[in-house]
Amino acid sequence: MKALEGQKILDFTHVQSGPTCTQLLAWFGADVIKVERPGVGDATRKQLVDVPGADSLYFTMLNHNKRSITINTKSETGREILTRLVEECDVLVENFAPGALDRMGFGWDRIQEINPRMIMASVKGFGPGRYEDCKVYENVAQCAGGSASTTGFPDNVPMVTGAQIGDSGTGLLLALGIVAALLQREKTGRGQRVLAPMQDGVINLCRVKLRDQQRLAAGPLEEYSQFAKGIPFGDATPRAANDSGGGQPGRILKCKGWESDPDAYTYFITQAAVWKNVCDLIGKPEWKTDPDYATPSARLPRLDEVFDEIEKWTMTRTKFEVMDECNPLDIPVGPILSMKEIAEDRELRESKTIVEVDHPERGKYLSVGCPVKLSDCYVEVTRSPLLGEHTEEILSELLGFGGQDLERIFSSGAVGDRAASTK
Ligand code: CAO
């Protein structure tokens, strides 16, 4: 028994944000039916191709545990099938450009008419307002959500982050909205609309920067490195480089091998509670009682000097040795792990955070596993579907089309090539 077993998801998502959401629902046991255009499919199937002829890693890593049906939803037969799918399913998830579903003839009013229990969940770039009709990709959301203006070095241009907080981040939030709407439907019997705008998702993740925006009214942000350097603050939260976000100063420091290894660094946090341990570790026991260093407020204007001393120590160790020596002393540190190290990490494989999946076109590849672990809902990551692989199976088993109806549907051209289906 899986947590979402029995829930049928009509998956109209593409690219990254929506597929992240429906992949999570599939991992929790929902039957996710991905609807794609015949012969074309999700654009990411053929983007950044590394194995000629095979679905790309971009697609395969975002569409595990789903079934694929191809339907031209703008044809008459396609609309007939889609209507039946809306009748049968619990949730419709989409992340088309604004208005695309209405143009297809399946806007919210029509969906409710067909199935009042249907939950219709959308990712859009922006919520209601002047930008609601805009198309949006990851980096646009990072910029419009306040992340880029607060990321990077203060004396350089705004930066986007490697983490896909706009796409994958918003997809995760949408999944939560869907589960909440399913629970509410248990009580009301009604479906509802669920909207997760990417700008809203990024703003939510950047809340500490909005906190700092308001703190600026009370004076300079003393835990930011620019305070210690005497650089004046402007009227907006500045970029904070690698400063720790909270009141516990932290920096990225060099470790042994940094001259040739671009990832030989550690994050080091001088948490106040373990300051004495830090002093002993780096050979500065006198700082434990020296009034210039003994308290967090005394250290704030001296952070450059403090971290220079700590770095002299970290440079004599590898990032893993730093971890091994600091952890028993409760000093929070983190090695800067490369993607290569993450891909090869034995424990991440054992915890199924990184999984190896076999695919008929491309062979074995690595993917991310489910990032949330439920003790009573085992997740097995299975490969992404080939384009239209389950068309006939879904038409016959789920929608009950058989015999002549099935012939009619395939010969109409609305669902693509019958040979692409397994049955
Ligand atoms: N049968 C027939 N037509 C189909 C179809 C099907 N099975 N599936 C999709 N289509 C059509 C849509 O109806 C739409 O047609 P119209 O423009 O004529 O209405 C068209 O295909 C393309 O849809 P789109 O505009 O969503 O796609 P795009 O590649 O032009 O834009 C994106 C992509 C991501 C910018 C846009 O979808 C978007 O802004 N989505 C919302 C925000 C979002 O999720 N962004 C993150 C994406 S991940 O980085």
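Above: the structure in question.
Residues numbered from 1 in each chain as written. Predicted model: local features only at pLDDT ≥ 70, side-chain atom pairs only at ≥ 80, totals over all residues. Heavy atoms only, no water.

Novice: So what exactly am I meant to see when it comes to helix α14 (residues 319-326) here?
Specialist: Since the α-helix turns once every 3.6 residues, residues separated by three or four places project in the same direction. Considered for burial, the residues of α14 that qualify are Lys 319, Val 322 and Cys 326. Along α14, the residues classed as buried sweep out an arc of 55° about the axis, all on the same side. (Buried < 20%, exposed > 50% of the residue type's maximum accessible area, 1.4 Å probe, protein only. Helix = DSSP H or I, 4+ residues; strand = E, 2+ residues; numbered from the N terminus. Arc of directions from axis to C-beta.)

Novice: Explanation requested: the environment of Asp 358 in the structure shown.
Specialist: Inspection of the secondary structure puts Asp 358 in strand β10 (residues 354-359). Since its relative accessible area comes to 47%, Asp 358 is described here as partly exposed. Taking C-alpha positions, Asp 358 is 44 Å from Thr 270, a pair spaced 88 residues apart along the chain. With residues up to four places along the chain from it excluded, the contact list for Asp 358 reads Gly 363, Lys 364 and Arg 383. (Contact = heavy atoms within 4.5 Å.)

Novice: Sorry, what's going on with the site of the ligand here?
Specialist: The full set close to the ligand counts 23 residues, and Ala 97, Arg 103, Lys 135, Val 136 and Asp 167 are the nearest of them. One nitrogen or oxygen atom from the side chain of Thr 73 is found 3.1 Å from a nitrogen atom belonging to the ligand. (Near = heavy atom within 4 Å. Polar contact = N/O pair within 3.5 Å; in protein donor to acceptor, adjacent residues only side chain to side chain.)

Novice: When you look at the nonpolar core in this model, what are you seeing that I'm missing?
Specialist: As a rule of thumb, nonpolar side chains are buried together in soluble globular proteins. Of all hydrophobic cores here, the largest spans 36 residues; its most connected members are Ile 9, Cys 21, Leu 25, Val 91, Val 93, Leu 174 and Ile 178. For this core, the secondary-structure elements that each account for two or more residues are α1 (17-27), β4 (91-94), β5 (119-124), α7 (167-188), β6 (193-197), α8 (198-205) and β10. When neighbours within four sequence positions are excluded, Leu 174 is seen to be in contact with Cys 21, Val 93, Ala 121, Ser 122, Val 123, Val 194 and Ala 196. In this structure, Cys 89, Phe 96, Met 118 and Leu 406 belong to the second largest nonpolar core, which totals 31 residues. (Core = buried A, V, L, I, M, F, W, Y, C linked by side-chain atoms within 4.5 Å.)

Novice: What's the story with the sheet that holds strand β1 (residues 8-12) in this structure? I'm lost.
Specialist: Sheet strands pair by backbone hydrogen bonding; their relative direction is either parallel or antiparallel. On the basis of which strands lie adjacent, the open sheet formed by six strands has the order β3-β2-β1-β4-β5-β6 and parallel pairing. Looking at which strands have only one partner, the edges of the open sheet turn out to be β3 (66-70) and β6. Put simply, the sheet's adjacent strands are angled 20° from each other on average, direction ignored. Bridging between strand β2 (residues 31-36) and β3 involves five bridges; their strand directions are parallel. Within β3, the position partnered with Val 32 by the bridge is Lys 66. Each of β1 and β2 touches helix α3 (residues 76-88); the most contacted strand, β1, lies at about 140° to it. Strands β1, β2 and β3 of the sheet are contacted by helix α17 (residues 391-398), whose axis makes an angle of about 95° with β3. (Pairing = 2+ DSSP bridges. Axes fitted to C-alpha atoms, helices over the stretch in contact; angles between N-to-C directions.)

Novice: What is the right way to look at the pairing of strand β8 (residues 265-269) in this model?
Specialist: The two faces of a sheet get side chains in turn, since along a regular strand they alternate between them. Sheet analysis places strand β7 (residues 250-254) next to β8, joined by five bridges and oriented antiparallel. Its bridge partner being in β8, Gly 250 is matched across the sheet by Ile 269. With three bridges joining them, β8 and strand β9 (residues 333-335) adopt antiparallel strand pairing. When the bridges of β9 are listed, Thr 266 appears paired with Pro 335.

Novice: What should I look at first to understand the sheet that holds β7 in this one?
Specialist: Reading across the sheet, the three strands line up as β7-β8-β9 and stay open at both edges, with antiparallel pairing between neighbours. Each of the sheet's edge strands pairs with one partner strand only, and the pair in question is β7 and β9. With direction set aside, neighbouring strand axes in the sheet form an average angle of 20°. Across the sheet, α14 touches β8 and β9, and the angle it forms with β9 is around 155°.

Novice: Explain the side chain of Lys 66 here, please?
Specialist: Here Lys 66 lies in strand β3. You can call Lys 66 buried: its relative accessible area is 4%. A polar atom in the side chain of Lys 66 sits 3.2 Å from the backbone oxygen of Pro 19. Engagement of the side chain of Lys 66 in a polar contact is seen with the side chain of Thr 22, the distance being 2.8 Å. Discounting chain neighbours no more than four positions away, the residues touching Lys 66 are Asp 11, Pro 19, Thr 22, Gln 23, Val 32, Lys 34, Pro 385 and His 390.

Novice: Can you walk me through the pattern of salt bridges in this structure?
Specialist: Close approach of charged atoms allows side chains with opposite charge to pair. A complete count under the given rule lists 33 salt bridges for this structure. Among the salt bridges present, the one from Arg 215 reaches Asp 212, with a minimum N-O distance of 2.8 Å. Of this pair, Arg 215 and Asp 212 both sit in helix α9 (residues 207-215), three residues apart, roughly one helical turn. Taking the relative accessible area as the measure of exposure, Asp 212 reaches 1% and is therefore buried. Across the pair Arg 418 and Glu 392 runs a salt bridge, and its minimum N-O distance is 3.0 Å. Taken together, the residues span a long stretch of sequence, with Arg 418 in the segment after α18 (403-412) and Glu 392 in helix α17 at a distance of 26 residues. Judged by relative accessible area, which is 29%, Arg 418 ranks as partly exposed. (Salt bridge = Lys/Arg side-chain N within 4 Å of Asp/Glu carboxyl O.)

Any functional reading would require information that these geometric values do not contain.
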